[in-house]
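The lines below spell out each chain.
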Amino acid sequence: MSIEIIKQIKDYLVAGEVEKREVVKVTTAIKPDLTVEEAYQAQELLVQHKLDEGHKIVGPKMGLTSKAKWDQMGVSEPIYGYVFDYQLVDNGGVVPFQIHPKVEAEIAFLIGEDIEGPGITAAQVLAKTEYVLPAIEVIDSRYENFNFTLTDVIADNASTSRVVFGNTLRKPSEFDLELVGATLSVNGKIRELGAGAAVLGHPANAIAVLANMLARKGEKIKKGDLILSGALTGAILVNVGDFVSAKFDGLGEVTLTMGE
Ligand code: OOG
Ligand code: MG
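The following paragraphs examine the structure supplied in this document. These numbers come from a predicted model, not from an experiment.

**As for the pairing of strand 9 (residues 189-195)**
Then step 1. Across six bridges, strand 8 (residues 181-186) lies against strand 9 in antiparallel orientation. Each residue of the ladder has a partner; that of Val 186, found in strand 9, is Lys 189.
Then step 2. Connecting strand 8 to the next strand, strand 9, in antiparallel fashion are two residues, including Asn 187 with a positive phi near 50°.

Right, dumping it as structure tokens:
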């Protein structure tokens, strides 16, 4: 496929994000037969665009790593995208409203040593993880009604919009991440709940999958990367003024308020 179409896809998605408006999905509007490889090429251009604007990568992120998400989105394959510094909001802070935000409870990994695939296992990930911490990811697909196929969502940087990390950093050896329970509440009402095991059996498996996917392009997870392992439960659509709280057993609470 020509680089021109890949650029067109990148420009189309950048416009949606900048203008805070929904766009028709790429596989309807531009290229019905978009492949996974081409979708990651478009994502790479989108990431380069943000780097050229002076933004810094916080880390890659995994998405679509739980059955709850697969059932909700109709796409059942893990994907990755990238989180940037301008997308971070302090714990307890106000998240600027973009298009049609949804919130997700996630376990994040702060990486202590490079992890280079292929063949990476969860045990290797845990050995190279400095800390785990809780997070709320605010996803905001640029697509109408969050309606997309696998390749659409890859090109759209896996719907990444904002991330709030918690303040409790724990050594992964201190407890069993598989069994960490979590609740996700909006305006004081629990809307979703789950456990670490919901994420590919163990959240570290999601990071191992990421290392092995990056290896296909000759890339690796780097020391210092702060990586989301994917939502434990389905995502919840939120409105202006909503107060969101995610509580994790042993990892504390992360909160945000949806701003205007
Ligand atoms: C894609 C992004 C999913 C997760 O944690 O599963 C994601 C989407 O559902 O819009 O970030
Ligand atoms: Mg997510």
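Once the structure has been displayed, the description carries forward.
**Things to note about the site of ligand 1**
Then step 1. Ligand 1 sits among 17 residues. The nearest are Leu 64, Lys 69, Glu 104, Ser 159 and Ala 231.
Then step 2. Within the side chain of Lys 69, one N or O atom sits 2.7 Å away from an oxygen atom of ligand 1.
Then step 3. One of the backbone N or O atoms of Ala 231 is found 2.8 Å from an oxygen atom in ligand 1.
Then step 4. Burial of ligand 1 by the protein chains amounts to 100% of its free accessible area of 310 Å².
Then step 5. One can see that ligand 1 is located within the largest cavity.
Then step 6. Counting only elements with at least two residues in the shell around ligand 1, the list comes to strand 1 (57-63), helix 4 (67-73), strand 5 (102-111) and strand 6 (129-139).
Then step 7. The leading source of residues in the shell around ligand 1 is strand 1, at three residues.
Then step 8. Looking at side-chain class alone, the shell around ligand 1 contains nine nonpolar, three polar and five charged residues.

**Focus: helix 7 (residues 203-215)**
Then step 1. Between its first and last C-alpha, helix 7 extends 19 Å over 13 residues, near the 18 Å set by a 1.5 Å rise per residue.
Then step 2. Listed in full, the buried residues belonging to helix 7 are Pro 203, Ala 204, Ala 206, Ile 207, Ala 208, Leu 210, Ala 211, Met 213 and Leu 214.
Then step 3. Looking at the buried residues of helix 7, the elements they touch are helix 3 (36-52), strand 1, strand 2 (79-84), strand 5, helix 5 (122-127) and strand 10 (226-228).

**Details of the environment of Met 73**
Then step 1. With respect to the secondary-structure elements, Met 73 resides in helix 4.
Then step 2. For the pair formed by Met 73 and Thr 27, sequence separation is 46 residues and the distance between their alpha carbons is 16 Å.
Then step 3. Not counting residues up to four positions away in its chain, the partners in contact with Met 73 are Leu 64, Lys 102, Phe 146 and Phe 148.

**Here's the deal with the side chain of His 202**
Then step 1. Along the chain, His 202 turns up in the loop between strand 9 and helix 7.
Then step 2. On the accessibility criterion, His 202 (12% relative accessible area) is buried.
Then step 3. Among all residues touching His 202, those that are not within four sequence positions of it are Leu 126, Asp 176, Leu 177, Glu 178, Gly 196 and Ala 197.

**Some details on the pattern of salt bridges**
Then step 1. Within this structure, the stated rule accounts for 13 salt bridges.
Then step 2. A salt bridge links Glu 137 to Lys 61; its shortest N-O distance comes to 2.8 Å. Separated by 76 residues along the polypeptide, Glu 137 in strand 6 and Lys 61 in strand 1 bring together distant segments of the chain. Comparing Glu 137 with Lys 61, the two get one shared label, buried.
Then step 3. A salt bridge links Asp 71 to Lys 67, with the shortest nitrogen-to-oxygen separation between them at 2.7 Å. Of the two residues, Asp 71 and Lys 67 are both situated in helix 4; the distance of four residues between them amounts to about one turn of the helix.
Then step 4. Taking the relative accessible area as the measure of exposure, Asp 71 reaches 54% and is therefore exposed.
Then step 5. Residue classification places Lys 67 among the exposed residues on the basis of a relative accessible area of 54%.

**Looking at the coordination of the magnesium ion (ligand 2)**
Then step 1. Looking at the metal site, the magnesium ion (ligand 2) is ligated by Glu 104 (OE), Glu 106 (OE) and Glu 137 (OE), spaced 2.0 to 2.1 Å from it.
Then step 2. Within one chain, the residues serving as donors to the magnesium ion (ligand 2) are arranged as E-x1-E-x30-E. Residue Glu 104 is found in strand 5, and its partner Glu 137 is found in strand 6; the two are separated by 33 residues along the sequence.
Then step 3. The class of Glu 137 is buried, set by a relative accessible area of 0%.

Basis of the calculations
- Residues numbered from 1 in each chain as written.
- Chains lettered and ligands numbered in written order.
- Predicted model: local features only at pLDDT ≥ 70, side-chain atom pairs only at ≥ 80, totals over all residues.
- Heavy atoms only, no water.
- Pairing = 2+ DSSP bridges.
- Helix = DSSP H or I, 4+ residues; strand = E, 2+ residues; numbered from the N terminus.
- Near = heavy atom within 4 Å.
- Polar contact = N/O pair within 3.5 Å; in protein donor to acceptor, adjacent residues only side chain to side chain.
- Areas by Shrake-Rupley, 256 points an atom, 1.4 Å probe, with all protein chains shown as cover.
- 1 Å grid on protein atoms, 1.4 Å probe; cavity = no way out; pocket = protein on both sides within 12 Å on 5 of 7 lines; lining within 4 Å.
- Sits in = over half its atoms within 2 Å of the grid points.
- Nonpolar A, V, L, I, M, F, W, Y, C, P; charged D, E, K, R; others polar.
- Expected span 1.5 Å × (residues − 1).
- Buried < 20%, exposed > 50% of the residue type's maximum accessible area, 1.4 Å probe, protein only.
- Contact = heavy atoms within 4.5 Å.
- Salt bridge = Lys/Arg side-chain N within 4 Å of Asp/Glu carboxyl O.
- Donors = N, O, S within 2.8 Å, 3.2 Å for Na, K, Ca; no water.

In short, the description is geometric, and any link to function would need to be established separately.
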